[in-house]
Structure formats: structure tokens, C-alpha cells
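Observations on chain architecture
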Amino acid sequence: MGASDFVNLPNIGASIRRKEDYRFLTGGGQYTDDITLANQSYAVFVRSPHAHANIKGIDTAAARAAPGVLGVFVGADVAADKLNGLPCGWLITSTDGTPMKEPPHPILAQGKVRYVGDHVAMVVAETLEQAKNAAELVEVDYDVLTAVVKVTDAARAAPLHDAAPDNHCYKWAIGDKAQVDAAFAAAAHVTKLDLVNNRLIPNAMEPRAVIGSYNRATDEYTLYVSNQNPHVERLLLTAFVMGLPEHKVRVIAPDVGGGFGSKIYLYAEDVCLTWAAKKLNRSIKWTAERSESFVSDAHGRDHVSHAEMALDKDGKFLALRVHTNANMGAYLSTFAPSIPTILYATLLAGQYTTPQIYVEVDAWFTNTAPVDAYRGAGRPEATYLLERLVTRAGWELGLAQDEIRRRNMITQFPYQTPVALQYDVGDFHSLINRANELADIAGLEQRKAASRASGKVRGIGYSSYIEACGLAPSNIAGALGARAGLFECGEVRVHPTGSVTVFTGSHSHGQGHETTFAQVVAARLGIAVDQVDVVHGDTGRVPFGMGTYGSRSLAVGGSAIMKALDKIETKAKKIAAHLMEASDADVEFANGEFTIKGTDKKVTFGQVALTAYVPHNYPLDKLEPGLNETAFYDPTNFTFPAGTHICEVEIDPATGEVRVDRFTAVDDFGTIINPMIVAGQVHGGVAQGIGQALFERCVYDEESGQLLTGSMMDYAMPRAEDIPNFTLDTLSTPCSHNPLGSKGCGEAGAIGSPPAVINAVLDALKPLGVTEFDMPASPGRVWQAIESAKH
Ligand code: MCN
């Protein structure tokens, strides 16, 4: 079925309440920590208190002798058992043709620690309290080394790894430098900008948690883990680290309380518990404390960039030149190298016709927690840089924020950017026009005057983003360095009574797949949504899967389900044709009924399902019994959601406090399955974007490498009172290459919003002489900027 027919089916575009709400709102969710296995013990990790140190010795004798202790494991035990380090799933090749530096990432430190929170030892005991007490008794003799935390200091700092003597991981570039330089030489105007994209700490509501268990009778492991992609977790764990056959390990990611990217990765804890479960023949649980999450979850962003835009005298973009230093942290996390390259630089065309773009990225190791994908993963960094630069260029040329954007927007599709991506569809002018209407630009001057009258300043900021979701055709991903395919798998199992169970390789951890995927299946089969259940997150039940990230689940996972439904429909038509004594070519299927053109013959979907499983009247020579189909779908391109976000802020110059007064987002997600769930996704994403723009900033002490923002007291997350009621709308240009016409929506809010907020802050502060500002615009920093501008 094509996307144009699909969008008109019942239940598509319906704001059905989430099937999972009853479970979650009544406390019925089952998260990893809620699960207790027979014979369960508890693990506690001894983590490095130093950012950079050699380990001279570890004395575990007292810990081993402590009450209830079952085992104490250190790096030497890992080495003795010949476990590999954590693998990196993406290879970036430097401009000189050499592969990125890929130092070992041991699951327990091998002679050296490289960030505060690095894993030194694991203690397993009968109770959590006993494990904690024994962990206190592990004596580690450290020889402390100097630490580096800032990406721009890495080149001059003491090396973290033998494999990277200058702490340099790779230098990567895209675009035609000579053409860009020529365009700059001929430009009427050049706008320049230095900016920092602040490091963020993910803070999913549910901390990471793991239970490792082993069955001696069958030689099988079961791993419960709060994770976004259980099959990928299993593949990395078995094939790359432990050398186990995959079928001997079952990974279950039950209800997961948010991930935002931070639960994509294979972490040291996951391997340690699986490994020790067999050694001790016990099931073992570990649940991160919040302070452990702060130091050990993969962080996000952390770029320092210089950008230049060349323009003609009318404000048309001629060329863009960008250099970015990206912080990888102490080790390469699972997909880290791809974030500041493939998912960042390729997005720097934005919505604009900039004919020439050249981007250079240097990635560095520092004594900080590893950095990897965090909601948006590279695209927020690209959007922030570009949308700040565009607004600045407009101001320098005396053009309003919407005007400079309009002058440069792409209008012809498909559009090939100079940085590899090809946008299939879009309507950027309609998005900005609608956003302008909803944001009441006409009333802005009056609102500014009212703010002034009360001693405040008011400003407005635009951001017209485009992003790439549903990564990516496997062959292209492979050519770009991915060490995995990026397809998805779906299985549709029709039961004899006509109800359906769908198995998807995507993982829902707040996105509502159990509802929206059920809507897709119910719409196609003409049955009620409550007749469809969705199963995910279990390698023992789902055939295969690449998981959830990059807002891919509907566009890729949903398309796999659509392919399986095509197969179901084809087979069901044959059964129906047999029942109606007709040719299957004459059978039509709509609204759950099979009919024969030009006759009044019909059979229902339920009758066909029953016939498939009770094949008394069945063409067994031509058809197998059963109605159960599996499909794999490999996308042929990214999907390209786009939108314009407009933020309006009011600032009190006396305190530096920024209040977001209005936030308008008009987005194009193609065909929308459930508008309420999509709005929820946009709300969450924009709230996170406002968090980055106004509050959140991970700070390490530059001398000691200690994490200064290591708790909720020091790391400011946005609260409900910080977020206004959003004004949202959507327009649709259906994705041209998947059967749903849908584009991803899960990250758009976090991608589009930060530059809108900061452009608004700068607009408001212009009359006070403030011209530059790095996120977050927290009161102290804004007040400081206002004071500095006075002198
Ligand atoms: N949807 C829809 N119509 C569309 C697009 C999506 O109805 N045109 C629905 C989907 O069917 C799905 C939801 O909206 O129910 C999000 O879909 P999609 O955009 O495909 O994104 P994913 O499901 O792949 O979710 C991943 C995305 C990412 S990458 C991050 S990070 C993120 C996010 O989703 N993390 C989240 N949203 C989150 N929401 C919660 N509550 N928790 C997280 O950790």
C-alpha cells in the first residue's frame, strides 16, 4: 500500500490515548529494578575518584573477607578471562586516510583510570548494603596524573592513551575547500561566529539498571537491561566482548523510563554483570544511583566551533565554512565518532541553498565521561551553529530574522546539498509563514513596549531547522563507517480469532509505540486498535532489531511492519479467494472485509484468520496454514523533518532572569499517526532544548577534572514552571520513500529550539549592548553579560 492511500485509513491521524498509560499511571510498569530473580545478589562498582591516574595496586583482601561478599573483580580478572574491551560501532577515517585512533576501552580499568567514575572494581554480595560496605574496603593505590577536560586544551595535555599520543582521535572534513575559499574571497559580506555547544548530562528518569543471570543447565545467559536496542546490545556483548554465540544470550529491555540516547550503548556494567553471573552462578543486579548516572552515563554535545558565512550584498548565502573541535571524552562510546561528523556536518546546509560548504572536525580525548548521541545527536549542534549564524548575518545586514531565512530557503525538491544529503520533500516557506502567524509577530512591538514599561527587555528568536532521521540506508551507512546495518524488522502474527501481536525491533521507552504501531496495524487490517498488541525489547521474542534512536522507529520500524502487512494481505487474499471461489486477482480488501469486484460476496478478516488456522476448507496444495509474516525494511534515504520555531523571551536586567513567554513550533513530520503523541514528543523535545539553552551545563573542574555539576543540586534541569504553554502546529509534505509518508518527530523539538531561545535572548539584550552569548542563559551568566557590556 502506498503512502497516499495509507494516510486516509481510519485511525491514522487519530489522537488515541496511549495504550500504555494505564500501566504507567497506575504504577504497573515493570522496569529492570522492579524485577527480582531467584538467587539474586547485588553489584556495586568501585569508581575512580581521579580524572587521570595510574593504578599502582589494588588490595581487595578486606573486601573479599567482608560479610556476604561473593566476589570482587578487577581489571586483572578481566584480562585473565580474555574479555575484550567495549567496541566502537562507527569508524571515521581521517583526512589523511588513516583510521581514527581507537584505544582499548576495558570494562574494568587496566592499570590506568581516565575519568572520574571510570570502573576500577566490581563487588558482588548477598545484599546491596553488604556490597556497598565491602566496596568501601577496596584499597586502590593511585599515582595521580594531570588531567584535561576542555577540548581546546587536549592537544597540549598529558596523553590519555598510548594509541593517541596527542589526544587526537581524528580529523575529518566534508565539502570542497577550494570552492569555499574562492566564494569567500568574492563575498560582499562575511559573518563570523565563535560558539560553544554546552556539554549535557542526559538524566533519564529511570537510571541505568542491569540484571545478569546464567543457567548452568542450558549454558544460557539472560540479561535484563534498561536499554534502547536489545539486539544491538546482544550483538556487541556476545560477538565483540565475550566471544559467546548470540543464541546463548537473551537480552530483555523491559519498560524503560527514558533514554534520550544514553541507553543505546553497551556499557561496562552490562558486560561485568553478565560475565560474573556465570562465574558466581548467581543472578546479579546493579541499579545506578543518580550520582553514578551523572559521572558514568554517556554525555552529549560539547563542541567548540568557529563558523563563517559568506553573503552577497542582498543577503544570499554564498558559502559556509566551519571548524569544530568535538570532545569524545576519555573513551570512544558505541557510536560517538559518527555524531560530530555524519550526523552534524551533513546537516549544515539547513533549509538553505548555500551552494558551497566546507566543514572540518577535530575530535579529541579528554579526562571526562565519554560523549555520544543525546537527543538530536549532532543535529542540534548543527542547527544551533547555523541558526545562530543566520540570525547574526541578518542583523549585520539589517534584515529581519524571517527575511534572511526566506531569501535563502530551498524551494525545489529533491534538493542535493553540498554536504552529501539529498532532501526529498519540504515546504519551508509555508512553515515559517504559519509560525509567523501563530507567534503574533504583529503584536510584538506592543509587547516589547509593555516589557520596557516594567523595566524589562523582550526579544524574539527564530530557528528554521531541518534534520535527518531514520538513519540510513545500510549500504550508505556502511560506506560512511557504520559497523552495522540500519534496517528494521517487524513480525505480524495474526491469531486464529483475528487479533494480532506485532513484534518490532524498535524499542519504546516513552514514545508510545504500543499505541501508534497498533494504530498502523489496525488501520491496515480494518480491526480495532485494542485487537493489536505490540511486543518489543526482548531478543527471545522479537526476531531481530536495530532499536530506537535517530527518530527511526516509525519511519523504519513502522515501514517494516507495513511490509509484513503487505505479505499478510497477499496471503489473506488468497485464502479469501478460495473461500469465495474466485481468483485472488479479483479480491479487494478494505475496512476488514474481502470482497469480489462486481459481486456481493464478502468474507471478514476474522473468517480468513480462522480459516488459516483451522484449515478444514483450505487449498493445502497451494497455501501453508497460518497467518504470520516477518519483514525487514532497509530505508532508501533519511527522512527530513523540518520546521520553524519562534521563541519570545522577557528578561529582567536587574537579575538576569530569562522567562520564555511564548514558544511557537510549526513542524513537518509528514503523515502523522497520532497527533497527541507527536505533540507530546515535541513538548518533551522543546523542554529539553529550553533546558540546554537556559539551564543545563556540565562543568568539570579544569585543574582536578572533578565533575562539579554532579547532582541535581548543581546541574539545573528545567522545571514545569520554566516552560510556557506551547503553540504548536504541523504541516505535511509526506516522505516520498517510505510506505507511511511519515518522518521522525522524536528529536525535532530538541533540535529546533535552542537557537530560537538564544536568538531571542540576544534580540532582547541588543539594546543593552550584549552581542554574544553562549548557552546556557542562566540568570548569573546573563547578568554578567549585561554588566560586562556596560564597561
Ligand atoms: N509518530 C507519529 N507520526 C509521525 C512520527 C512519529 O505518530 N509522523 C509517533 C511514532 O509512532 C512514535 C512517536 O511518535 O510513537 C515517536 O516516533 P519517532 O519520531 O519515530 O521516534 P522514535 O520512536 O524512534 O523515538 C526516538 C526519539 C529519540 S531519538 C529520542 S533521543 C527520544 C525521543 O524519541 N527519547 C525519548 N523521545 C523520547 N520520549 C521519551 N518519553 N523518552 C525518551 O527517552
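This text gives an overview of the structure that appears in the document. A quick note: this is a predicted structure, and the numbers were derived from the prediction, not measured.

1. Quick word on the overall build of the protein
Helix and strand counts for the protein come out as 20 helices and 28 strands. The globule rule puts the C-alpha radius of gyration for 791 residues at 28 Å, and the 27 Å found for the protein is close to it. In terms of overall dimensions, the protein has C-alpha extents of about 90 × 75 × 50 Å along its principal axes. Per-residue burial for the protein yields a buried fraction of 60% across its 791 residues. Considering only intrachain contacts with a sequence separation of at least 6, the fraction spanning at least 24 residues in the protein is 81%. Carbon and sulfur atoms make up 52% of the accessible area of the protein, which totals about 28,100 Å².

2. So, the sheet that holds strand E9 (residues 209-215)
Sheet architecture is open: seven strands sit in the order E3-E5-E1-E12-E9-E10-E11, paired in mixed fashion. Every other strand in the sheet has two partners, leaving strand E3 (69-74) and strand E11 (249-252) as the edge strands with one partner each. With direction set aside, neighbouring strand axes in the sheet form an average angle of 20°. Relative to strand E5 (residues 119-125), strand E1 (residues 40-47) is paired through six bridges, and the arrangement is antiparallel. Following the sheet pairing, Val44 is matched in E5 by Val123. Contacts between helix H5 (residues 128-135) and the sheet are confined to E1, E3 and E5, with E1 contributing the most and set at about 25° to the helix. Across the sheet, helix H8 (residues 268-280) touches E1, E3, E5, E9, strand E10 (220-225) and strand E12 (283-287), and the angle it forms with E9 is around 30°.

3. Overview of empty space enclosed by the protein
According to the stated counting rule, one finds seven cavities of 30 Å³ or more in the structure shown. The space that makes up the largest cavity amounts to roughly 130 Å³. Lining the largest cavity are 15 residues; nearest its centre among them are Leu86, His105, Leu266, Tyr267 and Pro370. A class-by-class count of the residues in the lining of the largest cavity yields 10 nonpolar, five polar and no charged.

4. Some details on the pattern of salt bridges
Inspection of every chain in the model, using the stated rule, returns 52 salt bridges. Between Glu437 and Arg434 there is a salt bridge, and its shortest N-O distance comes to 2.7 Å. One end of the pair is Glu437 and the other is Arg434, both in helix H12 (residues 428-438) and three residues apart, which spans about a single turn. Residue class for Arg434 comes out partly exposed when judged on its relative accessible area of 26%. Salt bridges sharing partners connect three or more residues here, namely Asp440, Arg447, Arg458, Glu648, Glu650, Arg659 and Asp661.

5. Description of the packing of helix H7 (residues 230-242) against H8
Each pair of packed helices can be summarised by the angle the axes make with each other and by the distance between the axes. The contact between H7 and H8 brings their axes to 11 Å, and the two run at 65°. When the interaxial angle is binned, H7 and H8 end up roughly perpendicular. For the crossing formed where H7 meets H8, the hand is right-handed. Contact residues: H7 offers Glu233, Leu237, Val241 and Met242, while H8 offers Asp270, Val271, Thr274 and Trp275. Here the contact of H7 with H8 is built from residues that sort into five nonpolar, one polar and two charged.

6. Re the side chain of Thr366
Of note, Thr366 is situated in the loop between strand E15 (356-365) and helix H10 (379-397). Within polar-contact distance, the side chain of Thr366 engages the side chain of Thr368 at 2.7 Å. Setting aside anything within four residues of it in sequence, one finds Thr366 in contact with Arg114, Val148, Val149, Lys150, Val151, Ala154, Leu160, Arg199, Asn327, Gly329 and Ala330.

7. Quick word on the environment of Gly378
Locating Gly378 in the fold gives a position in the loop between E15 and H10. The exposure class assigned to Gly378 is buried, which follows from its relative accessible area of 0%. Every residue in contact with Gly378, bar those within four places of it in the chain, is listed here: Ile339, Leu343 and Tyr344.

8. Quick word on the sheet that holds strand E4 (residues 112-113)
Read across the sheet, three strands follow the order E4-E2-E6 without closing on themselves; strand pairing throughout is antiparallel. A single partner strand is all that each edge strand has here, and the edge strands are E4 and strand E6 (139-144). The sheet contact formed by strand E2 (residues 53-59) and E6 spans six bridges and is antiparallel. If you follow Ile55 over to E6, its bridge partner there is Tyr142.

9. Quick look at the layout of surface pockets
As a volume, the second largest pocket reaches approximately 450 Å³. What lines the second largest pocket is a set of 20 residues, and nearest its centre among them are Lys150, Val196, Asp302, Arg697 and Cys698.

10. Remarks on the packing of aromatic side chains
The description of two aromatic rings rests on the distance between their centres and on the angle between their planes. What the rule picks out here adds up to 18 aromatic pairs. Judged by centre distance (6.3 Å) and plane angle (40°), the rings of Phe589 and Phe605 are tilted. In this pair, Phe589 is assigned in strand E22 (residues 587-590) and Phe605 in helix H17 (residues 605-613), connecting sequence segments 16 residues apart. Taken as a pair, Phe589 and Phe605 share a single burial class, namely buried. Taken together, Tyr415, Tyr423, Phe638 and Phe640 form an aromatic cluster joined through their ring pairs. Directly above the aromatic system of Tyr267 lies the positively charged group of Arg208, at a separation of 3.6 Å from the ring centroid.

Conventions and cut-offs
- Along each chain, the written sequence defines residue order, and numbers are assigned to residues from 1.
- Side-chain atom pairs in this predicted model are given and counted only at pLDDT of 80 or more, local residue features only at pLDDT of at least 70, and totals for whole chains, interfaces and linings cover all residues.
- Side-chain numbers here rest on the full set of heavy atoms in the structure, without hydrogens or water.
- Going along the chain from the N terminus, every DSSP run of H or I of four or more residues is numbered as a helix, and every run of E of two or more is numbered as a strand.
- Radius of gyration here uses only the C-alpha atoms, and the compact-globule reference equals 2.2 Å multiplied by the residue count raised to the power 0.38.
- Exposure is judged per residue with a 1.4 Å probe applied to protein chains only, and the accessible area is read against the type maximum: over 50% gives exposed, under 20% gives buried, and values in between give partly exposed.
- It only takes one pair of heavy atoms within 4.5 Å for two residues to be counted as in contact.
- Every accessible area reported is derived by Shrake-Rupley at a probe size of 1.4 Å, with residue values counting cover from the shown protein chains alone.
- When DSSP finds at least two bridges between two strands, those strands are taken to pair.
- Structural elements are reduced to axes, namely lines fitted to C-alpha atoms, with helices fitted over the stretch in contact, and the angle between N-to-C directions of any two is expressed from 0 to 180 degrees.
- Of the two site types, the cavity is a set of points on a 1 Å grid over the protein atoms alone where a 1.4 Å probe fits but cannot get out, and the pocket is an open set with protein on both sides within 12 Å along at least five of seven lines, each lined by residues with an atom within 4 Å of a point.
- Grid points are joined across faces, edges and corners, and a volume is the space filled by probe spheres set on the points.
- Classification convention: Asp, Glu, Lys, Arg as charged; Ala, Val, Leu, Ile, Met, Phe, Trp, Tyr, Cys, Pro as nonpolar; all other residues, Gly among them, as polar.
- Salt bridge, as used here: a side-chain nitrogen of Lys or Arg that lies within 4 Å of a carboxyl oxygen of Asp or Glu.
- Put simply, angles under 35 degrees are roughly parallel, angles over 145 are roughly antiparallel, angles from 65 to 115 are roughly perpendicular, and the rest are oblique.
- Note on convention: the crossing is left-handed when the near helix lies turned anticlockwise from the far helix by less than a right angle, right-handed when the turn is clockwise.
- Residues adjacent in sequence count toward polar contacts only when both atoms are side-chain atoms; beyond that, a polar contact is any pair of N or O atoms within 3.5 Å, and within protein one must be able to donate a hydrogen and the other to accept it.
- Here a pair means two rings of Phe, Tyr or Trp (six-membered ring of Trp) with centres within 6.5 Å. Their orientation is stacked below 30 degrees between planes, edge-to-face above 60, and tilted elsewhere.
- Charge-over-ring contacts are defined here by two conditions on Lys NZ or Arg CZ: a distance within 6 Å of the ring centre and an angle within 35 degrees of the ring normal.

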